[in-house]
Structures are given as structure tokens and as C-alpha cells.
Amino acid sequence: MVSTATNLTISRGYDSDFQSIINAGVPYSWISHLEIVSKCYQQALNFPFIATAGIYYAAAQNGSQAFLGVYPLISEIHAQDVSLGGDYYDYILTGVNTSGIVTYSSPPSKISTGISISYINYAAGSGYWGAPIPSSGPNTYLLPFSVGIWKNMMPLQQNASENYRAAVFSSISARSIEDYMQTITMTANGVLALVDANTGYMIASTTRNISVSWPTIYPAIGNPNGLVSAGASAVAAAYGSPAASSASGAFAAITSRASLNFQFAYGGDSVYCTTSWIADSNSNLALLLIVMVPSNDFLAPVNVSTRNAVIFIVVFTAFSFAVGLLISWALTVPLRWLTASIKKATNFDFSPLHDGFLNRRSPLSEVAVLESSFAAMLKKFAQAIQANKSGTGGSASKSVMSGNPTAGTNSIRQ
């Protein structure tokens, strides 16, 4: 994005035809000779972030000026030169002819002014990035980059003995940047913001209408989005800005260009914050990317999973306890009955054979087998005692019929 505008602008400054016109130092009708502008337009079309591309020309030192800007976003040319009597005109682009030269509708419409040229800086060096400026054509703000050109000097070189003669420029559309940022996937409440550190203004964001909502451009500190405002203040403080509470001066006062990773509190939540600079001190470029993600965006799904896991564990534990009780009952009740029957049998009391107890079976197969085996054993034992009793005589018979277990060792109850 930034490198595209930089390279596009500087490459136009190296155009030999443009250099020849500047070196000649005579008035030139740009709108009648659109070869150079056509090159700018064709190049600009290849880059979706480029909003304008153009030239600014003074035929002589402090003499008559000419301006021509191409607007790929709205397919227009704004022009002012000697052939137009000093007025600005708006030409509607209609296409490109077979020679590669742009064509426009006729007649043009007279306008009060072309694109603002107040941002054009003519200092030699790496060019100059100006403050965001409004452009009512595409209803956006522009990030302008310009390179001054001196007579008989190559771009990025300066002749200190005279004033500038021309400048080439490009600008980036804030709206195009924000359109692109909508393709970036953030968490439910997370925000990615691009801030112009020189002014404190928001250039673009993954959340609409908190950077540029035409014709308003919002600051980062004091932004209508509470998270962005709190995050911008936290970032300024984290960098140790001496003007951390100033909407316009907080970021301009930051001298460090290091990236930061930290957390700040907002709305009862902890917000993860990461910063990264797009900066070049030689050309006044200072854009700051700020990523803000509330921790609940990460932890809420984890908390839901944890809660569901706890509920499952509680339910599973309760179910296991109930099953354990059922199995315990199925085991202990038959065993208690068997134990009681064994105690009675040791006293020659075989009443369980008549009570029907030994006909009951546990639902557990192992216990049921044990009950069946015990019942068969007890029956055979009782039959054996009964057979022995039948051969003993009267005293034994009386003892058996009495059912008194204390009557003697031969007392048997069936």
C-alpha cells in the first residue's frame, strides 16, 4: 500500500518527457498533451488503493502554475493550466484510445478548485507524506505522498540556489484501505485500527464508521467506539507519550517505533493489544496499526466448554452413584437372605424351604446361580435329616413335631 504510492510517485518523477518539460521552464498545456498523465493513470489503475495521481508545475520561479490530477476512483481529471485561463476544470474520463492516451468528455465542467495542493511538500529527500485531507469526489480522506522536482535535477535531489519547479504526487484512499480491512477476520469484538500518528486520526478500521464517516474523520483517542478509545489511550501510555491524554498530540509525541504486546482493562475484561508501525522519519510517514482483542472472545468458548464438562461430570457422578446403589442392593439383599437361611439351617431350622424364599432369584446371574445352588443343597440336607428322623422312634418324632430347637440335637423343623 505505502510502497505502491511511493514507487508510483517517484517513478513518474523519473519520466524523461516530464523532465524535459521541467528543464525547458516554459508554459505547457498539459490537458492538450496527456501522454504523461496517461502513464500515471494506467499505472494507478493497477493499484486499488491509489486515489489520485498527478503533477504540479511552475513554468518559472514563482511564475504561472499548472496542476493536473487524475482520479481513478471516480474516473475524472482535474486540470488547471495556461490553456484554461487559470481556472480549474473537471474532465470526465471516458476511456483510453488505441495509442494508450486517456480520453475525456467535452466540454469540461468548471469547478471551484482541484484537489487540494496544500499538502505538496517540495523538500528533497525521500518525498513527503502529508496529513489526511478530505476529498469530496469519492467521499473519502486521502493520504498524500509527494516528491519535489527541481530544474535540471533528478527526483529526490535539490538545487539549493533556486525554488522548486514541479512536484509529482500520489494519494491513498482511506476508504479503499477500510474496504480491504473488511476482508480481515477478527474475533467477535476485536478491532484492527490504522492510526495516523502525526494527527491522531483514524485512517481505517475493521469496524465501519469509526474512522471516516464522511465528511467526519474521527480521532483514535475519544473515538465513538469505546474499545478503540480506551485502547488508543492505553497504547499512548504504554509508549510513555508525554501527551497521552491528547487526542491530536498523543501519538505525535511518541518517539519509539518498537512493536508492543500488552494487556489493558476495559469493561471488566482484559484486552490483548499488539501494535506495529508503518513509519519512515525521512518522509514524515507514521502510521500505527493497533490490534485489540478482548480476552472474553477467547475465554468465553473455553468457559462454556468447561461448564459443560462440569455438568457432564456431575451428571455422570450422580448416575454412577445411583447405579452403584442399585448394584449394591442387588448384591447385598440376596446375600443377607442367604446368610439368614444358613444361620437357621445350622440350628436345624429349614423354614425358608416353606416360606418360598429359596424360590426367589437375583437379577444378577452370578448371585442367582449361588441362590439356586444353596436352595438345592438345603433341600437335600433337609431330606437327609428327614430320612434319618423317620428311623428314630417316638422321642425323636415328638421333638421334630414340637419345632423346639432347644429340645435336643435331634430337634428338626421343616
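Residues numbered from 1 in each chain as written. Predicted model: local features only at pLDDT ≥ 70, side-chain atom pairs only at ≥ 80, totals over all residues. Heavy atoms only, no water.

Each helix and strand in the chain was counted, giving nine helices and 17 strands. Here the chain, with 414 residues, has 43% of them falling under the buried criterion. Within the chain, contacts between residues at least 6 apart in sequence are counted, and of these 55% link residues at least 24 apart. When the accessible surface of the chain is split by element, carbon and sulfur atoms take 57% of a total near 20,200 Å². (Helix = DSSP H or I, 4+ residues; strand = E, 2+ residues; numbered from the N terminus. Buried < 20%, exposed > 50% of the residue type's maximum accessible area, 1.4 Å probe, protein only. Contact = heavy atoms within 4.5 Å. Areas by Shrake-Rupley, 256 points an atom, 1.4 Å probe, with all protein chains shown as cover.)

This prediction gives the chain a mean pLDDT of 76; 68% of its residues lie at or above 70. For residues 393–414, every residue scores under 50 in pLDDT, and the model assigns this stretch 25 contacts once sequence neighbours within four places are set aside. (pLDDT = per-residue confidence, 0-100.)

As enumerated under the stated definition, the model contains four aromatic pairs in all. With a centroid separation of 5.8 Å and an interplanar angle of 85°, the aromatic rings of Phe 49 and Tyr 180 are classed as edge-to-face. With a gap of 131 residues between them, Phe 49 in the loop between helix 3 (35–45) and strand 1 (50–58) and Tyr 180 in helix 4 (residues 174–181) connect regions that are remote in the sequence. Seen from their ring centres, Trp 129 and Phe 145 are 4.9 Å apart, and the 40° between their planes marks the pair as tilted. Residue Trp 129 is located in strand 7 (residues 128–129), and its partner Phe 145 is located in strand 9 (residues 140–149); the two are separated by 16 residues in the primary sequence. The exposure class assigned to Phe 145 is buried, which follows from its relative accessible area of 0%. Taking NZ or CZ as reference, Arg 257 lies 4.0 Å from the ring centre of Trp 277, over its face. (Phe/Tyr/Trp six-rings, centres within 6.5 Å; stacked < 30°, edge-to-face > 60°. Lys NZ or Arg CZ within 6 Å of the ring centre and 35° of its normal.)

Helical geometry note: an α-helix holds 3.6 residues per turn, so side chains three or four residues apart project in the same direction. Compared with an ideal rise of 1.5 Å per residue, which puts 13 residues at 18 Å, helix 5 (residues 226–238) spans 18 Å between its outermost C-alpha atoms and is within 8% of the ideal. For helix 5, every residue scored as buried is listed here: Leu 227, Val 228, Ser 229, Gly 231, Ala 232, Ala 234, Val 235 and Ala 236. On the buried face of helix 5, the contacting elements are strand 11 (191–196), strand 12 (201–205), strand 15 (261–266), strand 16 (269–280) and strand 17 (285–294). The backbone nitrogen of Leu 227 lies 3.0 Å from a side-chain oxygen of the residue at the head of helix 5, namely Asn 225. Where helix 5 terminates, the next one or two residues include Gly 240, which has phi positive at roughly 75°. (Expected span 1.5 Å × (residues − 1). Polar contact = N/O pair within 3.5 Å; in protein donor to acceptor, adjacent residues only side chain to side chain.)

Let us look at the pairing of strand 17. Of all ten residues making up strand 17, eight are buried, and the element is well covered by its neighbours. Here strand 11 runs beside strand 17; their pairing, made up of six bridges, is antiparallel. Its bridge partner being in strand 17, Val 195 is matched across the sheet by Leu 288. Examined bridge by bridge, strand 16 and strand 17 share ten bridges and lie antiparallel to one another. Residue Ala 279 lies in a different strand from strand 17, and its bridge partner there is Ala 286. (Pairing = 2+ DSSP bridges.)

We now examine the pairing of strand 16. As paired strands, strand 15 and strand 16 are joined by six bridges and run antiparallel to one another. Each bridged residue has a counterpart across the sheet, and for Phe 264 the counterpart in strand 16 is Val 271. From the end of strand 15 to the start of strand 16, which pair antiparallel, there are two residues, and Gly 267 there has a positive phi angle of about 60°. The hairpin formed by strand 16 and strand 17 contains four residues between the paired strands, and Asn 284 there has a positive phi angle of roughly 70°.

A word on the sheet that holds strand 16. Pairing is antiparallel across the open sheet formed by five strands, whose spatial order is 12-11-17-16-15. Of all the strands in the sheet, just strand 12 and strand 15 have a single pairing partner and so form its edges. Each strand of the sheet is rotated relative to its neighbour by a mean of 30°, with strand direction disregarded. Strands strand 11 and strand 12 of the sheet are contacted by helix 4, whose axis makes an angle of about 40° with strand 12. Relative to the sheet, helix 5 contacts strand 11, strand 12, strand 15, strand 16 and strand 17, its axis offset from that of strand 15 by approximately 130°. (Axes fitted to C-alpha atoms, helices over the stretch in contact; angles between N-to-C directions.)

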